[in-house]
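The primary structure of each chain is shown beneath.
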4 protein chains.
Amino acid sequence: MSDNLVMQLLGRRLRLALIGGGPGSFIGATHRQAARLDDRFEFVGAALSSRPDACRAAGQSLGLPADRCYPDGATLIAQEAQRPDGAEVVAIMTPNDSHYHFSMLALDHGMDVICDKPMTNTLDEALALHAKVQHSGRVFCLTHNYSGYPMVRQAKALVMAGRLGEIRLVQVEYVQGGRAKPGPVRKPWKDDPDRSGPSLVMGDIGTHAHQLLRFITGLEVAQVAAHVGTSVPERTAHDYGGALLQMTNGARGSFWVTQAAAGVENGLRVRISGSLGSLEWHQEHPQVLHFKSLDAPAQVYTPNGPGTLPLAARASRIVAGHPEGFHEAFANVYKDAADTIAAIRSATAPDPLAQYFPNATDGLQGLRFIAATLRSNANHSTWTEV
Amino acid sequence: MSDNLVMQLLGRRLRLALIGGGPGSFIGATHRQAARLDDRFEFVGAALSSRPDACRAAGQSLGLPADRCYPDGATLIAQEAQRPDGAEVVAIMTPNDSHYHFSMLALDHGMDVICDKPMTNTLDEALALHAKVQHSGRVFCLTHNYSGYPMVRQAKALVMAGRLGEIRLVQVEYVQGGRAKPGPVRKPWKDDPDRSGPSLVMGDIGTHAHQLLRFITGLEVAQVAAHVGTSVPERTAHDYGGALLQMTNGARGSFWVTQAAAGVENGLRVRISGSLGSLEWHQEHPQVLHFKSLDAPAQVYTPNGPGTLPLAARASRIVAGHPEGFHEAFANVYKDAADTIAAIRSATAPDPLAQYFPNATDGLQGLRFIAATLRSNANHSTWTEV
Amino acid sequence: MSDNLVMQLLGRRLRLALIGGGPGSFIGATHRQAARLDDRFEFVGAALSSRPDACRAAGQSLGLPADRCYPDGATLIAQEAQRPDGAEVVAIMTPNDSHYHFSMLALDHGMDVICDKPMTNTLDEALALHAKVQHSGRVFCLTHNYSGYPMVRQAKALVMAGRLGEIRLVQVEYVQGGRAKPGPVRKPWKDDPDRSGPSLVMGDIGTHAHQLLRFITGLEVAQVAAHVGTSVPERTAHDYGGALLQMTNGARGSFWVTQAAAGVENGLRVRISGSLGSLEWHQEHPQVLHFKSLDAPAQVYTPNGPGTLPLAARASRIVAGHPEGFHEAFANVYKDAADTIAAIRSATAPDPLAQYFPNATDGLQGLRFIAATLRSNANHSTWTEV
Amino acid sequence: MSDNLVMQLLGRRLRLALIGGGPGSFIGATHRQAARLDDRFEFVGAALSSRPDACRAAGQSLGLPADRCYPDGATLIAQEAQRPDGAEVVAIMTPNDSHYHFSMLALDHGMDVICDKPMTNTLDEALALHAKVQHSGRVFCLTHNYSGYPMVRQAKALVMAGRLGEIRLVQVEYVQGGRAKPGPVRKPWKDDPDRSGPSLVMGDIGTHAHQLLRFITGLEVAQVAAHVGTSVPERTAHDYGGALLQMTNGARGSFWVTQAAAGVENGLRVRISGSLGSLEWHQEHPQVLHFKSLDAPAQVYTPNGPGTLPLAARASRIVAGHPEGFHEAFANVYKDAADTIAAIRSATAPDPLAQYFPNATDGLQGLRFIAATLRSNANHSTWTEV
């Protein structure tokens, strides 16, 4: 009961408004479930659709009063900011091209922001938004949800504890099949680079892979030799991207992402080798983390199983053996953001273990990475600084 | 948005009161998360602890007003029943010996009931409660949550579709290690048979295994040759149970449950063989269902992957490859119960696919099964009618 | 090079004669490959078929001279025993009903014996053959080949080293689908109990499961409550058997074998729980042994990987990561038997680590187990002494 | 019995001489076991060590007469070629720098050759040897043993049958940890590029990955953007290599090999995506081949299981569910080479399904691939023609 830090600090839930994620949106339902699971947010307003006429019905189906179902995000931000009981946090799950606009506006109005990835479509926007966040004093949480899995947190904690020794080799891949079949796609805006960004596959899933690698290792990608393009006939949006990596500590790596691997579901997988052993994690079986040691039998870590480190323990709601999944990982990001927002708003010291949710720096580094891969790709895949 | 049937039918969420599951309870948090995830319930009142003085703080930490934080379950039911805005559904997650009492009382007051398993501690109580439910016209949902997993639903749907042919052999096991270590346990009431029932392991997890087997096959256990007992020194509560089974259609089977397998987490596993093929499912990797065919390559079903049948599709919130876990399975039980309650309360026809949540018949059959295993055990493990 | 102990001790390979395993036999090819792999045997004579006219062609196809292709096993034994360069070891892979006869005859002629399981069809024969072996001073090796897998040896070695603590719970199963399809079978003699024994499934695979359990734990089954029978329509030979077990140290267990699980291949699986942890091994992925500890992260042992104990290391021919399979496990049994035979025949001390191949005691205990399950089955599955 | 084609065609086994693989060699024992398993070869002579004085004892420990234990490979070839009962096939398993010399010499003397990989250390040698083989009319078999696994053959057969549609994306990796630990290595010659070739990791395992990719897809690598180097301090021999690939049909791919991933055993893994589905195979669990279809449930193929195609069926010795491993895959290469040699030497038509063993073209393409990766690496990883 007492584990709801927001209730403890504020005596109430955080007031959250939603922009995007309306009818038919998969990501909208996901954000809302993530926000509900740990009971730290109350939904107070929404502009759920880009079609103003659809906003009211959608908002009311969530139980919102009519006067807080707004026709668009800008109106929502402006009006909620004026209410004494207005939203103090806004969650943005619109198509990629509007993330920047709504985030800047919300920060301007003193709101904390939870924003879907990629943070922006361009590096210039990313730099501007990153700077804005730094000066705002507000929380900006970017939903790189995969870093919320308990075993991803355990991987990071093992690296931080020195269990891998010096990191030498990294391998990250994100293989999906959702765009393998030619013909029309479910979300047409994704095929429009003005809306989805200069490289669909890199924005959609490449940024997840990149963030996961950085999250676990604590290293940045220094240089890439990259190749991106389209493999499915009659498509134009990129559907695969490969890169050789050089990390800031000299470790070398391999990166591979695609949305065109027919029949594959959601194969985000990462492997990290250090001087003392290797870690392996796979999103499709997220409850196991394999640690292969140089000198001892391989170990299998499980959420809340023996050997769980505090950063991972924090990310489980239940005793060992009870699988938590995608929604719980997503909710961990929301929960950490909530606890941090509540601490700042109540002028108390934030829990250090709550500070591992993805933020504007992750967003900026993601955009830098995309830009570098595109430059390398345009230059015969030669090594390119990130 | 429009997928919240309760909001559609009632224009509001169902009003739910909670009995039990207070400070330190793992199952309490689980029930509340399950109830929150799909946004079909509003928590309106609670008697969270068996210690009256702890109830108020616990309730308020959930955001409940002081006057609806009740000192005990009976008071809660009596007072909520008198309020015009009172709870219409009560969720019971107290120790096993009070399930019967609170369920009967809630039904007497016209409430629908969501109750943790085992339904009761004795067969007599189970018979009485089952009869009460039949006459009440109310919904009684028993949280055999494992039947809420999408791939368990898929298994049932495949059996119903005839894909396995005639069922011949069944195997179900539930292997845990939580009670392997000698010494004090986390919940002392579990070692008191007056509170936890005549066979701890059978009530705690044997009923889950039994219900899962019945759920998937649609068959009842006709006879058992069973052995139950205690393997950890200085313990008295049963920690293992094994049985040979004869199903109502003549299929034969093996049943094995224990809480004393050191190091094992939550190994609920079921295998069903029919004349055309065999199914295998394991709770620790709930996102895969293996179907091994007599004449074709083995298949691997995944939630919302190709070949998903409607009963399973209903149980997923997200596209394929995004693992849902224990909480989502639990929430599926709450969701189906909610949709059925709302349909009945709004006098509309319930969705037939929502009718697969566990109910009082499951509870009664579970108690019959426990009783038969104990009779067989007392009689040199000879075959005994269930 | 120097690892061929037979060559070292004798300066030559052991002279082996083959009885059974002729055209179309799967087990015959397996025995010969096992015997060849480690280069400790020279094939010198054979009576490969029960049809005398087929024996010569079959033997010559193995490169044997015509005069050592015998029309039947008895002639082979009699004539080879008279040659100065005659066979000193005989391998028997005939249908079950002749194992006894050929084994007794070979021992009478001073030969060592390698015999397929089950050792005999009746307990009386098993007692007589066991006594004969004890008095003969010859080696009798029974090819319970699954105990030759490196990770099964590792499991035994871990138990012997005390890593599991006191054994409390055991679970063994052998699930196959080869007899799931109604209609004629490939080997008609298996459906004739005069040839295949009183319970086909128990003799064919039940004895393997039973031996594996005894091999790893070092315990005997003290009592069974068992049920055996036939699940496929129009068949008479038993195709499933289940039992509850009580081991000699008081550990309890579950046993389940079937050849009628449609689509399942060769699912021999064993799990052993002690006070300190649990082991899990599955024949279809024989290169991994899972050890789940009470207090530490789960470990995965692999052949020749870190933590390999000497008994297991002896059973691998290659560095870690290079899977060895069924043939290598089978060959390990032949190799250990060969090294022991050569040691005895050269009057040197046998390698203690070579003494873990299955022998006449295993065969006798297997027949005792079958007999007890049949008695229990005939007596309403009540507990029955083995 | 009748399945030994060499015995059928020649009435005897092929006479094989061995060069290399002496005391302490892991690969020597592997070759000999592979040659023995299917009974198509008789060992007639050997020069097992590079130390002439060690050759005799080593050869005699294999049971060879003293006069056919030669002090070096050249003497062996010269003298065996003059004997009427001399070796007709030579198997070469010496360090890499002598493969060329012994192969040329053996071909000059009319012998068939089975040679370990890489075929040569330089591209010039590879071109010369490849040309020699073409003109010789003799069989040259290169032991890229991983292509001998039944499920790798099944993968190739599925691709040839069009089950994947047009191949679009490929991913191959070979991750080992054998060289992760700093300090002295077991085989010092491997650290001498004059002996092991210009890139140790590429010659040792990169050629395996490359051949496996070509074998399954039937495509060649057209261009690479590659990076190779050393990650373990104080080492000079390459221990990792990464590349982006462009295949001859336009498919794109990722390639990653390393021997420095601490704790990893033998992780050769390949994934192929076509327009209709994706295949996945992993050497550490070689008995399963996953096929993920665009529109149907994922399938799991197993050796001799349902759906096995003839090319794969040929590669299994046993019914489904009985794992075959590394040795059997290696033996499949020897068996196919033997059957082809015997057919040619007996002037009969070779079995078309026996023609899939790796040959001099594979060796040449491997050397071309290594050369291209090194050129790309020296040129900032820009795209380079193979």
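Described in the following lines is the structure provided in the data block. (Residues numbered from 1 in each chain as written. Chains lettered and ligands numbered in written order. Predicted model: local features only at pLDDT ≥ 70, side-chain atom pairs only at ≥ 80, totals over all residues. Heavy atoms only, no water.)

## Here's the deal with the relation of the copies chain A and chain D
Phase 1: Note on the identical chains: chain A maps onto chain D by a rotation of 180° and an axial translation of 0.0 Å, with an RMSD of 0.0 Å. Such a turn and shift between the copies fits a two-fold axis. Of every C-alpha in chain A, the one belonging to Thr382(A) sits nearest the axis of rotation, 2.4 Å from it.
Phase 2: When the interface residues of chain A are mapped onto chain D, 100% of them again fall at the interface, so both copies present the same face. (Least-squares fit on C-alpha atoms with pLDDT ≥ 70 in both. Contact = heavy atoms within 4.5 Å.)

## Topic: the interface of chain A and chain D
Phase 1: Contacts between chain A and chain D engage 47 residues on the former and 47 residues on the latter.
Phase 2: The three residues of chain A that bury the most area against chain D are Arg168(A), Leu169(A) and Trp256(A), which together make up 18% of that side's buried surface.
Phase 3: At the junction of chain A with chain D, the criterion picks out 4 salt bridges.
Phase 4: Across the pair Arg271(D) and Glu173(A) runs a salt bridge, and its minimum N-O distance is 2.4 Å.
Phase 5: Connecting chain A to chain D are 18 residue pairs in polar contact (both at pLDDT 80 or more). (Buried area = accessible area lost by both parts, 1.4 Å probe. Salt bridge = Lys/Arg side-chain N within 4 Å of Asp/Glu carboxyl O. Polar contact = N/O pair within 3.5 Å; in protein donor to acceptor, adjacent residues only side chain to side chain.)

## Description of the interface of chain D and chain B
Phase 1: Opposite the 10 residues of chain D that make contact, chain B presents 10 residues.
Phase 2: Sorting the residues of chain D by area buried against chain B places Pro297(D), Val300(D) and Pro306(D) first, and these three jointly supply 62% of that buried surface.
Phase 3: At 4 residues, strand S13 (residues 298-301) of chain D tops the list of elements feeding residues into the side of chain D that touches chain B.
Phase 4: Inspection of the sheet shows strand S13 (residues 298-301) of chain B paired to S13(D) by 3 bridges, in the antiparallel sense. Bridging across to S13(D), Gln299(B) finds its partner in Gln299(D). (Helix = DSSP H or I, 4+ residues; strand = E, 2+ residues; numbered from the N terminus. Pairing = 2+ DSSP bridges.)

## Here we look at the pattern of salt bridges
Phase 1: Inspection of the entire model under this criterion finds 111 salt bridges over all chains.
Phase 2: Arg214(B) is the partner of Glu220(B) in a salt bridge, and the nearest nitrogen-oxygen pair spans 2.8 Å.
Phase 3: Salt-bridge contacts for Glu324(C) lead to Arg317(C); the nearest nitrogen and oxygen are separated by 3.1 Å. Taken as a pair, Glu324(C) and Arg317(C) share a single burial class, namely buried.
Phase 4: Via salt bridges that share partners, Arg40(A), Arg153(A), Arg314(A), Asp336(A), Asp339(A) and Asp351(A) belong to a single interconnected network. (Buried < 20%, exposed > 50% of the residue type's maximum accessible area, 1.4 Å probe, protein only.)

Keep in mind that these numbers describe shape and distance, not what the molecule does.
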